[in-house]
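Residues per chain, in single letters:
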Amino acid sequence: MSGGRNTVQKELVLQTVSAMHSHPTAEEVHDRIIQSYPSIGKATVYRNLNTLAENGKICRVAMPDGADCYDHRTDGHYHIRCVSCRKVFDAGFPFMPELTERAGREEPGFLLTGHTLLFEGICPDCQRTGGFSGMGEEQETKEKQQSNTKGENTNG
Ligand SMILES: [Zn+2]
Ligand SMILES: [Zn+2]
């Protein structure tokens, strides 16, 4: 087995994830790569993402629904997902390694090895463009209309 081509492909996948900064899914990584290297197959990209994650070169961020994301940052940090556009952002909120230890003391039967935390909300972009009409409409629309004092005239 010569590792030449494999190494090149792995490096390419790693560079793509690093360049994207957007916690891409495997599919998004593949989409990006084939723009420059149309001959690289999905399986190759997926396999390399797996290997890179296993080797700790990138992180796999599991999403409760939908496809896992990949992260070039391997330090401990939390994520925020926009419930509107579904983009995943890095949270500035400090990582709390002690949370695992604390939880471990409460769960004597388990050997806890880590934790993940996913915040949910609406990203600045979606707040600006108001593109978050999908959630909690009944209550929120009413409040929004009442608090919308920007003086926009809506002659029914
Ligand atoms: Zn958003
Ligand atoms: Zn991240």
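Residues numbered from 1 in each chain as written. Chains lettered and ligands numbered in written order. Predicted model: local features only at pLDDT ≥ 70, side-chain atom pairs only at ≥ 80, totals over all residues.

Quick look at helix H2 (residues 26-36)
Under the convention used in this document: Exposure is read from a count of other C-beta atoms within 10 Å of each residue's own; the residue is exposed at 12 or fewer, buried at 20 or more and partly exposed in between. C-beta atoms are placed from the backbone. Numbering of helices and strands runs from the N terminus; a helix is a DSSP stretch of H or I covering at least four residues, while a strand is a stretch of E covering at least two. In this description, one arc is meant: the one made by directions from the helix axis to the C-beta atoms. Working definition of a contact: two residues with C-beta atoms, positioned from the backbone, lying within 7 Å.
Within the span of H2, buried status applies to Ala26, Val29, His30 and Ile33. All buried residues of H2 project into a common sector of 95 degrees when viewed along the axis, lining one side. Residues of H2 that are exposed and angled more than 90 degrees away from the buried face: Glu27 and Gln35. Buried-residue contacts for H2 involve helix H1 (4-20), helix H3 (42-54) and strand E2 (69-71).

Looking at the confidence of the model for the protein chain
Do not read the predicted coordinates in detail wherever pLDDT is low. Here is the rule: Confidence of the prediction at every residue is given by pLDDT, a number between 0 and 100.
Chain-level pLDDT for the protein chain is 85 on average; 81% of the residues reach the 70-or-more range. With pLDDT under 50 throughout, residues 136-156 is counted as low confidence; its partners more than four residues away or in other chains account for 0 contacts.

Remarks on the nonpolar core
The test is simple: We call a set of buried Ala, Val, Leu, Ile, Met, Phe, Trp, Tyr and Cys residues a nonpolar core when their C-beta atoms link them within 7 Å.
By size, the foremost hydrophobic cluster in this structure holds 13 residues, and its most contacted members are Val13, Val29, Val45, Leu49 and Tyr70. Within the residue set of this core, elements represented by two or more residues are H1, H2, H3 and E2. Not counting residues up to four positions away in its chain, the partners in contact with valine 45 are Val13, Ala26, Val29, His30, Ile33 and Ile40.

Remarks on the environment of threonine 113
Looking at where threonine 113 falls in the secondary structure, it is placed in the loop between helix H4 (98-106) and strand E5 (118-121). For threonine 113 and threonine 100, which are 13 residues apart along the polypeptide, the C-alpha to C-alpha distance reads 7.1 Å.

Remarks on H1
Selection rule: To estimate how far a helix should extend, the number of its residues minus one is multiplied by 1.5 Å.
Taking 1.5 Å per residue, 17 residues should reach 24 Å; H1 reaches 25 Å between its end C-alpha atoms and fits that length. Every buried residue belonging to H1 is among Val13, Thr16 and Val17, and all of these are buried. End-on, the buried residues of H1 take up no more than an arc of 95 degrees, which puts them together on one face. Exposed and facing more than 90 degrees away from the buried side of H1 are Gly4, Thr7, Val8, Gln15 and Ala19. Positive phi shows up at histidine 21, right after H1, with a value of about 55 degrees.

Considering the packing of H1 against H3
Axis angle and axis distance: for two packed helices, these are the angle between their axes and the distance between the axes, and together they describe the pair. The following threshold applies: For every element, the axis is a line fit to its C-alpha atoms; helices are fit only across the contacting stretch, and the angle between N-to-C directions ranges from 0 to 180 degrees. These descriptions rest on fixed angle ranges, namely under 35 degrees for roughly parallel, over 145 for roughly antiparallel, 65 to 115 for roughly perpendicular, and the rest for oblique. Side-chain classes follow a simple rule in which Ala, Val, Leu, Ile, Met, Phe, Trp, Tyr, Cys and Pro form the nonpolar group, Asp, Glu, Lys and Arg form the charged group, and the remainder, Gly included, forms the polar group.
Running from N to C, H1 and H3 cross one another at 80 degrees; their axes reach a closest spacing of 9 Å. Accordingly, the angle class assigned to the pair H1 and H3 is roughly perpendicular. Across the interface between the two elements, Gln9, Lys10, Val13 and Leu14 from H1 touch Thr44, Val45, Asn48, Leu49, Thr51 and Leu52 from H3. Of the residues in the contact of H1 with H3, the class split is 5 nonpolar, 4 polar and 1 charged.

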